[in-house]
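# A closer look at the structure
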Amino acid sequence: PLLYVRGSLLPEDEWCLAVVGTRRATAYGKQVTEEIVTDLARSKITIASGLARGIDAVAHRSALEAGGRTIAVFGCGLDIVYPSENASLARSIIQQGALVSEYPLGTRPRADNFPRRNRIMSGISLGVLAVEADDTSGAMITAHLAAEQNREVFAIPGSILSTASRGTNHLIQEGAKLVSDYTDILEELNLTAVACQMEMKEIIPPSDTEALLLKQLGVEPTHIDEVCRSTGLPISTVSSTLTMMELKGLVKQMGNMNYVLAREARQEYRVKID
């Protein structure tokens, strides 16, 4: 029914990817996590994970060191950092992201809390990246929850001789997107222009015309001629404004001058008209 938060959740955290993996990460897993998360954070993607040892901790730390944002989902109350060795990391996350939990303060960590919290990690994210995991790990639970929640599932391939990669290799067999570079994730989620979109929003403030056009669009494609008729605006104004809104990531052209609201516009973007 509610979530407890320490830190801040910002509109740009809508562009979030969960990164999960084994607590007993190999050198390969740590290196891959650091490289991919660093590039994602620099591309303005928020990283969510569970603050556990191994892959989780590397993902959080890499995002912070790259100047990005990260969210840690707890399996206990937010006044108890588990494992305690990550207390310093948790304090840093509060400054560049948030700690999140569904458990009230004082709730001690229990084994059955952690699989349950995984649905929150996948739920707040556009997709889940499994770096290293055996067949029965919590990372596999998160990946399967993501599929049930209609999120994208990504996996890093590993050696067929390594137990740490059995789960991720199995996910790829089941249809998860094989990831060899951070651009594989950005392209699959259509997030290659996130940094540019955020910059455009800062440079060019929202206008009354944008607000008017947003009211005419929805999840079903609407032709630009229909938008002109509904608003009474000339085609030149509507066309140039829609082009700018597409650069900001607010609308998408579906072909033949038909437009729909982008995900962010549907959920976050609000403009008041005086």
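None of these values were measured; they are calculated from a predicted model. (Residues numbered from 1 in each chain as written. Predicted model: local features only at pLDDT ≥ 70, side-chain atom pairs only at ≥ 80, totals over all residues. Heavy atoms only, no water.)

### Regarding the overall build of the chain
Condition: Secondary structure elements are defined from DSSP: runs of H or I of at least 4 residues count as helices, runs of E of at least 2 residues count as strands, and each element is numbered from the N terminus. Note that the radius of gyration is over C-alpha atoms, with the globule rule given as 2.2 Å times the number of residues to the power 0.38. A simple rule labels every residue: compare its accessible area, found with a 1.4 Å probe on the protein chains alone, to the largest value its type can have, and call it buried under 20%, exposed over 50%, or partly exposed in between. Contact between two residues is taken to exist if any of their heavy atoms lie within 4.5 Å; hydrogens are not considered. Residue burial considers only the protein chains on display, and all accessible areas are found by Shrake-Rupley using a 1.4 Å probe. Counting rule for charge: Lys and Arg are taken as positive, Asp and Glu as negative, and neither His nor the chain ends is counted. Positions of charges follow a simple convention, taking NZ of Lys, CZ of Arg, CG of Asp or CD of Glu.
A tally of helices and strands in the chain yields twelve helices and eleven strands. Rg of the C-alpha trace for the chain: 20 Å, near the compact-globule value of 19 Å for 274 residues, within the 12% margin. Buried residues in the chain amount to 49% of all 274 residues. Put simply, of all contacts in the chain between residues at least 6 apart along the chain, 73% involve residues at least 24 apart. Accessible surface computed for the chain: about 13400 Å², of which carbon and sulfur atoms make up 49%. Computing the positive centroid from 27 side-chain charges and the negative centroid from 33, the chain places the two 7 Å apart.

### Some thoughts on the side chain of Asp13
What counts is decided by this rule: Distance and chemistry together define a polar contact, namely a pair of N or O atoms within 3.5 Å, with one atom able to donate a hydrogen and the other to accept it when in protein, and with adjacent residues in sequence counting only for side-chain atoms on both sides.
Residue position: Asp13 is located in the loop between β1 (4–7) and β2 (16–20). Within the structure, the side chain of Asp13 is placed 2.8 Å from the backbone nitrogen of Leu10, a separation counted as a polar contact.

### Examining the packing of helix α4 (residues 113–123) against helix α5 (residues 138–148)
So the rule is basically this: Orientation is described by lines fitted to C-alpha atoms, with helices fitted over the stretch in contact, and by angles between N-to-C directions that extend from 0 to 180 degrees. Throughout, the term roughly parallel applies to angles under 35 degrees, roughly antiparallel to angles over 145, roughly perpendicular to angles from 65 to 115, and oblique to all others. Left-handed describes a crossing whose near helix is turned anticlockwise from the far helix by less than a right angle; the clockwise case is right-handed. Polar here means any residue other than Ala, Val, Leu, Ile, Met, Phe, Trp, Tyr, Cys and Pro, which are nonpolar, and Asp, Glu, Lys and Arg, which are charged; Gly is therefore polar.
Their axes nearest at 9 Å, the elements α4 and α5 cross at an angle of 50°. One finds that α4 runs oblique with respect to α5. Handedness of the crossing formed by α4 with α5: right-handed. Of α5, the residues touching α4 (which contributes Pro115, Asn118, Arg119, Met121 and Ser122) are Gly138, Ile141, Thr142, Leu145 and Ala146. Here the residues of the contact of α4 with α5 are counted per class, giving five nonpolar, four polar and one charged.

### Looking at the pattern of salt bridges
What counts here: Throughout this description, the term salt bridge denotes a Lys or Arg side-chain nitrogen within 4 Å of a carboxyl oxygen of Asp or Glu.
Considering all chains together, one arrives at six salt bridges under this definition. Of the charged contacts, one joins Arg53 and Glu85 as a salt bridge, the two residues approaching to 2.9 Å between their closest N and O atoms. Pair noted here: Arg53 is in the loop between β3 (46–49) and α2 (55–65) and Glu85 is in the loop between β4 (70–73) and α3 (87–95), with a separation of 32 residues, a long-range link. Exposure remark for Arg53: the relative accessible area of 37% places this residue in the partly exposed category.

### Thoughts on the sheet that holds strand β10 (residues 251–255)
The cut-off we apply is this: Strand pairing follows a simple DSSP-based rule, namely that at least 2 bridges must link the two strands.
Strands sit in the order β9-β11-β10 across an open sheet of three strands; the sheet is antiparallel. Edge strands, defined here as strands with exactly one partner in the open sheet, are β9 (222–223) and β10. By the bridge criterion, four bridges tie β10 to strand β11 (residues 258–261) in an arrangement that is antiparallel. Within β11, the residue paired with Gly255 across the bridge is Asn258. Here helix α11 (residues 235–247) sits on the sheet in contact with β10 and β11, set at roughly 110° to β10.

### Overview of the environment of Ala98
Tracing the backbone through its elements, the reader meets Ala98 in strand β5 (residues 97–101). Contacts of Ala98, omitting those with residues within four sequence positions, involve Val5, Arg6, Gly7, Ser8, Leu9, Thr70, Ile71, Ala72 and Ile93.

### Considering unusual backbone geometry
Between Tyr82 and Pro83 the backbone carries a cis peptide bond, its omega angle lying at 0°. Within the chain, Lys44 stands out as a residue other than glycine whose phi angle is a positive 70°. Lys44 gets classed as partly exposed once you look at its relative accessible area, which sits at 44%. Backbone geometry places Asn256, a non-glycine residue, at a positive phi of 55°. Asn256 sits in the exposed class, given a relative accessible area of 68%.

These figures come from the coordinates and say nothing about function on their own.
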